[in-house]
Amino acid sequence: GAVVSQHPSRVICKSGTSVKIECRSLDFQATTMFWYRQFPKQSLMLMATSNEGSKATYEQGVEKDKFLINHASLTLSTLTVTSAHPEDSSFYICSATGGGTYNEQFFGPGTRLTVL
Amino acid sequence: GEDVEQSLFLSVREGDSSVINCTYTDSSSTYLYWYKQEPGAGLQLLTYIFSNMDMKQDQRLTVLLNKKDKHLSLRIADTQTGDSAIYFCAEYGSGNTGKLIFGQGTTLQVKP
């Protein structure tokens, strides 16, 4: 149980376009979902916290108009990278809580975004 | 502020034990976690320890917690090449924000 999926796993786009990444909790209702960004050989950087039906809470330094988060249901959150630029190229990982016994976060497999 | 620190790299031979260390600053977290990340993948919860425990063993994994020194370690017995990955320790920060604070990650290299 407690599986989180992400789609797509890998995306390549042109500079200036927008990309949407989906995060789904497959077998539980996620009370909260989180979006992280990870640079090569670095730890995870929390971008925003998302609760169903309410606006996401962004971390300091993360542009909310650049990284649009929608959490429309208890099993789906989306991250849209708007007007993507090469510096947005990264590994984006989502996680969700609500499906565990020890308040653990369950992570998706990640999405590799490459902006040309 | 809240901080979790780990050494960046550990290399062991197959069959040896690996010990990955972590220090943290916030002592209010109820649980502390170890996650494993294989190349190009998300994070997999390996194990956790409740904050009022000193030790937890789960097959080849042993977690030790020293609350006085705010030190957490993960021991992997009989390390295999499949254990090669990045290991993150994590705890929740204070204030009930639900945010996990991660260490920098320790890259474990297992040599045959």
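Because the structure is predicted, anything quoted here is derived from the model rather than measured.

Some words on the overall build of chain B
- In terms of regular secondary structure, chain B is built from 0 helices and 11 strands.
- In terms of overall size, chain B behaves like a compact globule, its C-alpha atoms giving a radius of gyration of 14 Å where 112 residues would be expected to give roughly 13 Å.
- Expressed along its principal axes, the backbone C-alpha trace of chain B runs to roughly 45 × 30 × 20 Å.
- Scored against the burial criterion, the 112 residues of chain B give a buried share of 44%.
- Counting contacts in chain B only where the partners sit at least 6 residues apart, residues at least 24 apart contribute 55% of the total.
- Entry remark: accessible area of chain B is about 5,400 Å², with carbon and sulfur atoms responsible for 48%.
- Averaging the locations of the 10 positively and 13 negatively charged side chains of chain B gives two centres separated by 1 Å.

Some thoughts on the sheet that holds strand β3 (residues 18-24) of chain B
Residues and elements named next belong to chain B.
- Strand order in the open sheet formed by 5 strands is β1-β3-β8-β7-β6, with antiparallel pairing between adjacent strands. Every other strand in the sheet has two partners, leaving β1 (4-6) and β6 (55-58) as the edge strands with one partner each. Neighbour-to-neighbour, the strand axes of this sheet turn through a mean angle of 15 degrees, independent of strand direction.
- Bridging between β1 and β3 involves 3 bridges; their strand directions are antiparallel. Note on β3: the bridge partner recorded for glutamine 6 is cysteine 22.

Some words on the sheet that holds strand β3 (residues 19-25) of chain A
Residues and elements named next belong to chain A.
- Read across the sheet, 4 strands follow the order β1-β3-β8-β7 without closing on themselves; strand pairing throughout is antiparallel. The sheet terminates laterally at β1 (4-7) and β7 (67-73), the two strands that pair on one side only. Between one strand axis and the next, the sheet turns through 15 degrees on average, direction left out of account.
- The sheet contact formed by β1 and β3 spans 4 bridges and is antiparallel. Across the sheet, the residue bridging to glutamine 6 is cysteine 23, located in β3.

Considerations on the interface of chain A and chain B
- Tallying the contact residues gives 20 residues for chain A and 18 residues for chain B.
- Summing the contributions of chain A and of chain B, the shared interface buries around 1,500 Å²; its carbon and sulfur component is 57%.
- Counting every contact that joins chain A to chain B gives 1 salt bridge.
- Of the charged contacts, one joins Glu59(A) and Lys99(B) as a salt bridge, the two residues approaching to 2.8 Å between their closest N and O atoms.
- Where chain A meets chain B, there are 5 residue pairs in polar contact (both at pLDDT 80 or more).
- Those elements giving two or more residues to the side of chain A that touches chain B turn out to be β4 (32-38), β5 (44-51) and β9 (90-97) of chain A.

Thoughts on the nonpolar core
- Ranked by internal contacts, the top residues of the largest apolar core, which has 26 residues, are Val4(A), Phe28(A), Trp35(A), Phe67(A), Leu79(A), Tyr92(A) and Leu113(A).
- Beyond its immediate sequence surroundings of up to four residues, Leu113(A) is in contact with Val11(A), Cys13(A), Val19(A), Val81(A), Asp88(A), Ser89(A), Ser90(A) and Tyr92(A).
- In terms of nonpolar packing, the next biggest core, distinct from the first, is built from 20 residues, Tyr24(B), Leu61(B), Tyr87(B) and Leu108(B) among them.

Thoughts on the packing of aromatic side chains
- Scanning the entire structure with this criterion turns up 13 aromatic pairs over all chains.
- When the ring of Phe67(A) is compared with that of Tyr92(A), the centres are 6.3 Å apart and the planes differ by 45 degrees; the resulting orientation is tilted. Of the two residues, Phe67(A) is situated in strand β7 and Tyr92(A) in strand β9; the sequence distance between them amounts to 25 residues. You'll find Phe67(A) and Tyr92(A) in the same group, each marked buried.
- Look at Tyr33(B) and Tyr35(B): their rings are 6.2 Å apart centre to centre, the planes differ by 45 degrees, and that puts the pair in the tilted class. This pair shows no difference in class: Tyr33(B) is buried, exactly as Tyr35(B) is.

Definitions and cut-offs
- Residues numbered from 1 in each chain as written.
- Chains lettered and ligands numbered in written order.
- Predicted model: local features only at pLDDT ≥ 70, side-chain atom pairs only at ≥ 80, totals over all residues.
- Heavy atoms only, no water.
- Helix = DSSP H or I, 4+ residues; strand = E, 2+ residues; numbered from the N terminus.
- Rg over C-alpha atoms; globule rule 2.2 N^0.38 Å.
- Buried < 20%, exposed > 50% of the residue type's maximum accessible area, 1.4 Å probe, protein only.
- Contact = heavy atoms within 4.5 Å.
- Areas by Shrake-Rupley, 256 points an atom, 1.4 Å probe, with all protein chains shown as cover.
- Lys, Arg positive; Asp, Glu negative; His and termini not counted.
- Charge placed at Lys NZ, Arg CZ, Asp CG, Glu CD.
- Pairing = 2+ DSSP bridges.
- Axes fitted to C-alpha atoms, helices over the stretch in contact; angles between N-to-C directions.
- Buried area = accessible area lost by both parts, 1.4 Å probe.
- Salt bridge = Lys/Arg side-chain N within 4 Å of Asp/Glu carboxyl O.
- Polar contact = N/O pair within 3.5 Å; in protein donor to acceptor, adjacent residues only side chain to side chain.
- Core = buried A, V, L, I, M, F, W, Y, C linked by side-chain atoms within 4.5 Å.
- Phe/Tyr/Trp six-rings, centres within 6.5 Å; stacked < 30°, edge-to-face > 60°.

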